[in-house]
Structure formats: C-alpha cells, structure tokens
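# Structural overview for review
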Number of protein chains: 2
Amino acid sequence: MSDLLERLRGRGWRMTAQRRVVAEVLDGDHVHLTADEVHSRAVAKLPEISRATVYNTLGELVSLGEVLEVATDKRAKRYDPNAHRPHHHLVCAQCGAIRDVHPSGNPLADLPDSERFGFTVSDVEVTYRGVCPNCAAA
Amino acid sequence: MSDLLERLRGRGWRMTAQRRVVAEVLDGDHVHLTADEVHSRAVAKLPEISRATVYNTLGELVSLGEVLEVATDKRAKRYDPNAHRPHHHLVCAQCGAIRDVHPSGNPLADLPDSERFGFTVSDVEVTYRGVCPNCAAA
DNA sequence: ACTTGACTTAGACATTGTCTAATGTAGGAT
DNA sequence: ATCCTACATTAGACAATGTCTAAGTCAAGT
C-alpha cells in the first residue's frame, strides 16, 4: 500500500499520521472492513485518532477512486482497497465472510438496450451469496 | 397484491389492519420503498400504526420470501414486492431512481468453480448504475 | 361470547453516519 | 530554522435508521 501513499502525495494530499494509519489498516487482499472496524484498528496504532477523521479519510479515498464502497451486507458500508482491479464479491449468508471474485463474462453486455430505459449505464456491481465451507461444515 | 394477502392467510398469518395496510402500500411494479417511506404511507391510511409494526411486518414478509430486501442505495434498506419474478436493478447515481431490469444471460453461470472458494453459491444480486434520462437532461 | 396467544404500541436504546466550532499542524514562504 | 496559513483533526452534538421491551389489544378458534 506504499504505492497508495505515494500516489496520494502526488495528487497533493497533505500527509498526516492519521491518514497514513488509515491507509495502512486498509492494506491487503480480501479486506472489506466497516468504518467502525477501520476506526478500531486505527486506534490500536494511533490512540488519539477520532471517528470523524476516519470517516473523512475513507470518504476522501472513495472520492479519489482509491477505495471502493461496497454494500454486500445490509448494515454498514464496507471499504475495499482493491479498487484498481475490477472484481465482484462472494458473501457467506451465515457468517458474512467476503471474498473477491472475478467472474468470466461481462454483465454490462448482458443488459440489452430495451432494458436500459434510456439510462446511460456505466457500472455494475455483482454480489454472489452462498454458504462458505466453514459454515457448511458446522 | 390480493393474492399476497390470500397466500399469507393460507400460511397461517393472522390478518390485521396493520398488515393489510403494509401489504397495500407495497403493491405495484418498480416499487422500492425504504422502511420509513412504507411507514409514512401506512400512516396515511391508518394513523395509529407504529414504526415497530412496520419494521416487524416487513421483516416477516422478507422471511416468508414475499418481499425482497435490496441494498441499491447505501443508506436505508429498500423493500421490493416483486419477489416472484427474478430480476435485477438499475439505479440512477444522481437521483436514486430505481427500475427493475431483466438481463439476458445468467451471472451465476459466469462464476467458475475456481472462483467459488468452496462456497455453495445460491444466489446473485446485480445492480447496474448509471444516469437516468431526467438527470441527463438537467 | 370467551379465551388465549399472537400482534401492536410507545418509547427507550443501539448502531451508523454527519456536522460544527475550536484547536492543531504540514509544508511552503521567508 | 522559523513562521504562516490553509487544511486537517478533534470531541461531541446531532441525525437517520433499526432493534428491543413491557404492557395493552385483538383475531380467530372454541
């Protein structure tokens, strides 16, 4: 994730300890934390960081296109740092575990003009739901 | 939607004025109300209905498979009475308008075994995003 | 018409997210 | 190296959405 910090600096982002910590927390694959989880982990590294800053920083990262907001779960938003490789999500209906997946085929192409109602369609979000091996075993 | 009331009675649902009103409010195509919107409209027909009852009733309808919860918007859950014809959603990124759509192709078939991580995948939810004709004109 | 268990209610509480005014600080200017 | 200042951070109030509880009410079978 050091590329991220690098890129952001290049875009004129002022670098602060708080922002560094948030970016660190978001590092990795198959990472889909809620804002609150990001905050907890950030507090572990920098105890005085505030909730508002975490929300602000996440919002900025989303605006900059560096992090995606995903709504896999119907409670809190989750933040996915894997914004530069398009992908979709596979969610366990029981425990909520989330994996990134890469389906073949392009769902955008599957929406005929007659089903577009005059919209300019630019994006598609796919969420697969099922039961993960762990929960199936239990 | 009278079939719905019929079906529910058949399943041993106790019929009350409150439940009837919630079912009536949810009638129609391209209906995707938040719990709060359902509540407002229900109050118009039955002023003393409480928020808790609306939430309870919506939850029951979802459990019974008569209504779907959709997370198109990242704020409140929305409730879609069109549960018996599989479909996906097309959302305007600006005004939030939602249409039901029926893509060709089956996205479930597009997820190869190698991308299933041992999950038993049972369902898929697709959300297309774009700009509706109204917002494009503005 | 009774009775009873399921339904509804008001409102407290919980969770998630947003906003503000005061304070602190990164990084360019001197 | 120090100073400035615009931008960032903070605590906490507030807002929106959702959940729970205890007490009262009522649908529907008898």
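Residues numbered from 1 in each chain as written. Chains lettered and ligands numbered in written order. Predicted model: local features only at pLDDT ≥ 70, side-chain atom pairs only at ≥ 80, totals over all residues. Heavy atoms only, no water.

## Some remarks on the domain arrangement of chain A
Residue and element names in this part refer to chain A. Domain annotation of chain A identifies domain 1 (2-80) and domain 2 (88-137). The centre of domain 1, based on its C-alpha atoms, is set 24 Å off from the matching centre of domain 2. Of the residues lining the interface, 8 residues belong to domain 1; the matching set on domain 2 comes to 8 residues. A combined buried area of about 740 Å² lies between domain 1 and domain 2, and 48% of that area is made up of carbon and sulfur atoms. Looking at the side of domain 1 facing domain 2, the largest losses of area belong to His30, His32 and Thr72, adding up to 69% of the total buried there. Where domain 1 touches domain 2, the interface holds 5 residue pairs in polar contact (both at pLDDT 80 or more). Residues belonging to the side of domain 1 that touches domain 2 are distributed by class as follows: 2 nonpolar, 3 polar and 3 charged. (Domains from an automatic or database assignment. Contact = heavy atoms within 4.5 Å. Buried area = accessible area lost by both parts, 1.4 Å probe. Polar contact = N/O pair within 3.5 Å; in protein donor to acceptor, adjacent residues only side chain to side chain. Nonpolar A, V, L, I, M, F, W, Y, C, P; charged D, E, K, R; others polar.)

## Overview of the pairing of strand β6 (residues 120-131) of chain B
Strand direction decides the pairing type here: strand β6 (residues 120-131) of chain A and β6 of chain B, joined by 11 bridges, are antiparallel. Bridged to Glu125 of chain A within β6 of chain B is Thr127 of chain B. In terms of strand pairing, strand β4 (residues 88-92) of chain B meets β6 of chain B through 4 bridges, oriented parallel. If you follow Leu90 of chain B over to β6 of chain B, its bridge partner there is Tyr128 of chain B. (Pairing = 2+ DSSP bridges. Helix = DSSP H or I, 4+ residues; strand = E, 2+ residues; numbered from the N terminus.)

## Considering the relation of the copies chain A and chain B
Of the transformation placing chain A onto chain B, the axial shift is 0.0 Å and the rotation is 180 degrees, giving an RMSD of 0.1 Å. The transformation just described matches what one would write down for a two-fold rotation axis. Taking C-alpha positions as reference, the residue of chain A nearest the rotation axis is Val126 of chain A, located at 2.3 Å. Both copies present the same face, since 100% of the interface residues in chain A are matched by interface residues at the equivalent positions in chain B. (Least-squares fit on C-alpha atoms with pLDDT ≥ 70 in both.)

## Comments concerning the side chain of Asp80 of chain B
Residues and elements named next belong to chain B. Here Asp80 shows up in strand β3 (residues 78-80). Although buried, Asp80 forms no salt bridge, and the nearest oppositely charged side chain, Arg85, lies 8.5 Å from it. Reaching out from Asp80, the side chain makes a polar contact with the backbone nitrogen of Asn82 at a distance of 2.8 Å. Beyond its immediate sequence surroundings of up to four residues, Asp80 is in contact with Val31, His32, Val67, Leu68, Val70, His87, His89 and Asp100. (Buried < 20%, exposed > 50% of the residue type's maximum accessible area, 1.4 Å probe, protein only. Lys, Arg positive; Asp, Glu negative; His and termini not counted. Salt bridge = Lys/Arg side-chain N within 4 Å of Asp/Glu carboxyl O.)

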